[in-house]
Amino acid sequence: MKVLIWIATIFVGTLLNTLIGAATGVRAGALLLYLAEFYVAKKLCEKWDASHPGQEEPDTGLRCGVCGAKLDGSSKFCRQCGTAVGDNQQ
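Since we're looking at a predicted model, the values are computed, not measured. (Residues numbered from 1 in each chain as written. Predicted model: local features only at pLDDT ≥ 70, side-chain atom pairs only at ≥ 80, totals over all residues. Heavy atoms only, no water.)

(A) Quick look at a nonpolar patch on the surface. The grouping of F11, V12, L15, L16, L19 and I20 at the surface amounts to a nonpolar patch, some 580 Å² of accessible area in total. Its relative accessible area of 56% is what places F11 among the exposed residues. (Patch = residues over 30% accessible without salt bridge, like charges linked within 9 Å, V, L, I, M, F, W, Y side chains within 5 Å. Areas by Shrake-Rupley, 256 points an atom, 1.4 Å probe, with all protein chains shown as cover. Salt bridge = Lys/Arg side-chain N within 4 Å of Asp/Glu carboxyl O. Buried < 20%, exposed > 50% of the residue type's maximum accessible area, 1.4 Å probe, protein only.)

Here's what the structure looks like:
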């Protein structure tokens, strides 16, 4: 769903920029436009995550002994620091 949020945000922002530019003769610069679209899409994705809490990865309770990062049950190495999982579990 987040991919659709990003695509729709870019599409709507570009469309609005084009329509407003055609009506007024002034268009936002590309950098300004994409910064605004990035901000809006990021906020929409945060709202999506908040409204769908059950879709997060389950917490297995396993943590890396070196850096403290969460580990899933099938990890052989820590994604954060690269340490072998069997050597450092807490």
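(B) Local environment of the side chain of T9. As for its placement among the helices and strands, T9 is situated in helix α1 (residues 2–24). Given a relative accessible area of 11%, T9 falls into the buried group. Here the side chain of T9 touches I5 through a polar contact of 2.7 Å, landing on its backbone oxygen. (Helix = DSSP H or I, 4+ residues; strand = E, 2+ residues; numbered from the N terminus. Polar contact = N/O pair within 3.5 Å; in protein donor to acceptor, adjacent residues only side chain to side chain.)

(C) Up close: the packing of aromatic side chains. This structure, assessed with the given rule, holds 1 aromatic pair. Between the aromatic rings of W6 and F38, the centroid separation amounts to 5.5 Å while the plane-to-plane angle is 50°, which identifies the pairing as tilted. Taken together, the positions of W6 in helix α1 and F38 in helix α2 (residues 30–51) put the pair 32 residues apart, joining distant regions of the chain. (Phe/Tyr/Trp six-rings, centres within 6.5 Å; stacked < 30°, edge-to-face > 60°.)

(D) The arrangement of the environment of G65 in detail. Here G65 is to be found in the loop between β1 (62–63) and β2 (70–71). Note on G65: relative accessible area 33%, which makes it partly exposed. Between the C-alpha atom of G65 and that of T83, which follows or precedes it by 18 residues, the distance is 9.0 Å.

(E) Just the nonpolar core, in detail. Membership of the largest hydrophobic core is limited to 5 residues, which are C64, A69, L71, C78 and V85. In this structure V85 touches L71, S75, K76, F77 and C78, once residues within four positions along its chain are discounted. (Core = buried A, V, L, I, M, F, W, Y, C linked by side-chain atoms within 4.5 Å. Contact = heavy atoms within 4.5 Å.)

(F) Looking closely at the confidence of the model for the protein chain. Chain-level statistics for the protein chain give a pLDDT mean of 80 and a share of 86% at 70 or above. For the protein chain, the element scoring lowest by mean pLDDT is helix α3 (residues 85–88), at 61; α2 scores highest, at 89. (pLDDT = per-residue confidence, 0-100.)

(G) Looking closely at the side chain of E37. Relative to the helices and strands, E37 resides in helix α2. When sequence neighbours within four positions are dropped, the list of residues in contact with E37 reads T9, I10, G13 and T14.

(H) Geometry of α1. Along its 23 residues, α1 runs 32 Å from first to last C-alpha, staying within 8% of the 33 Å computed at 1.5 Å per residue. Positive phi shows up at G25, right after α1, with a value of about 85°. (Expected span 1.5 Å × (residues − 1).)

(I) View of α2. With 22 residues, α2 should cover 32 Å at 1.5 Å per step; its first-to-last C-alpha distance of 31 Å lies within 8% of that length. Where α2 is concerned, the buried positions are L33, E37, A41 and C45. All buried residues of α2 project into a common sector of 90° when viewed along the axis, lining one side. Across α2 from its buried face, at more than 90 degrees, point the exposed residues L31, L32, L35, Y39, K47 and A50. Its buried side turned inward, α2 meets α1. (Arc of directions from axis to C-beta.)

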